[in-house]
Amino acid sequence: QVQLVESGGGLVQAGGSLRLSCAASGGTFSNYGMGWFRQAPGAGREFIAAITGSGGVTYYADSVKGRFTISRDNARNTVYLQINSLKNEDTAVYYCAAVRNWALVGRTVSDYDYWGQGTQVTVSS
């Protein structure tokens, strides 16, 4: 059983940057593919980015390509999401997720086995 804890959210002005972190415990971190999702008020959970266990392959939603970067540090059991040029529409709760197969990182909620509690990102104009 893997436990995931997100941090790094907050209130930021449009155009600013944030780095979200997700610390994992309870398993061998490199065995898990990791993903980031977000959920805005009244909306479904949206895929943002994913990364394989070694960090060698990454995937992004078209809507965030060029502004968001996913990375991981397996020595620290942590996955990161760097967000640049923040926009009002980036306001959401951001969740990290883990899948038990390090290579099979998907783009839907059902592709993942474990979820964190989320961290709020609010962008002000």
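Residues numbered from 1 in each chain as written. Predicted model: local features only at pLDDT ≥ 70, side-chain atom pairs only at ≥ 80, totals over all residues. Heavy atoms only, no water.

Here we come to the overall build of the protein chain. In terms of regular secondary structure, the protein chain is built from zero helices and 11 strands. Each helix and strand of the protein chain, placed in order from N terminus to C terminus, yields the pattern β-β-β-β-β-β-β-β-β-β-β. A compact globule built from 125 residues should have a C-alpha radius of gyration of about 14 Å, and the protein chain, at 13 Å, falls within 12% of that. Counting over 125 residues, the protein chain shows a buried share of 43%. Split by element, the accessible area of the protein chain, about 6,000 Å² in all, is 46% carbon and sulfur. Computed over 10 positive and 8 negative side-chain charges, the inter-centroid distance for the protein chain is 4 Å. (Helix = DSSP H or I, 4+ residues; strand = E, 2+ residues; numbered from the N terminus. Rg over C-alpha atoms; globule rule 2.2 N^0.38 Å. Buried < 20%, exposed > 50% of the residue type's maximum accessible area, 1.4 Å probe, protein only. Areas by Shrake-Rupley, 256 points an atom, 1.4 Å probe, with all protein chains shown as cover. Lys, Arg positive; Asp, Glu negative; His and termini not counted. Charge placed at Lys NZ, Arg CZ, Asp CG, Glu CD.)

Turning next to unusual backbone geometry. The phi angle at N77 is positive, at roughly 55°, despite the residue not being glycine. Locating N77 in the fold gives a position in the loop between β7 (68-73) and β8 (78-83). Residue N77 is classed as partly exposed on the basis of its relative accessible area of 26%.

Looking now at the state of the cysteines. Applying the stated criterion across every chain yields a total of one disulfide. Two residues, C22 and C96, share a disulfide whose sulfurs are 1.9 Å apart. The chirality of the disulfide connecting C22 with C96 is right-handed, given an S-S dihedral of about 45°. Remark: C96 occurs in strand β9 (residues 92-99) and C22 occurs in strand β3 (residues 18-25); sequence separation between them is 74 residues. We classify C96 as buried; its relative accessible area is 0%. (Disulfide = S-S within 2.5 Å.)

All right, on to the side chain of E6 then. Position of E6 among the secondary structure elements: in strand β1 (residues 3-7). For E6, which is buried and forms no salt bridge, the nearest opposite charge comes from R45, at a distance of 7.3 Å. Polar contacts involving the side chain of E6 include one to the main-chain amide nitrogen of Q117, which spans 3.1 Å. A polar side-chain atom of E6 sits 2.8 Å from the main-chain amide nitrogen of G118. Those residues in contact with E6 that lie beyond four places of it in its chain are S21, C22, W36, Y94, Y95, C96, G116, Q117, G118 and T119. (Salt bridge = Lys/Arg side-chain N within 4 Å of Asp/Glu carboxyl O. Polar contact = N/O pair within 3.5 Å; in protein donor to acceptor, adjacent residues only side chain to side chain. Contact = heavy atoms within 4.5 Å.)

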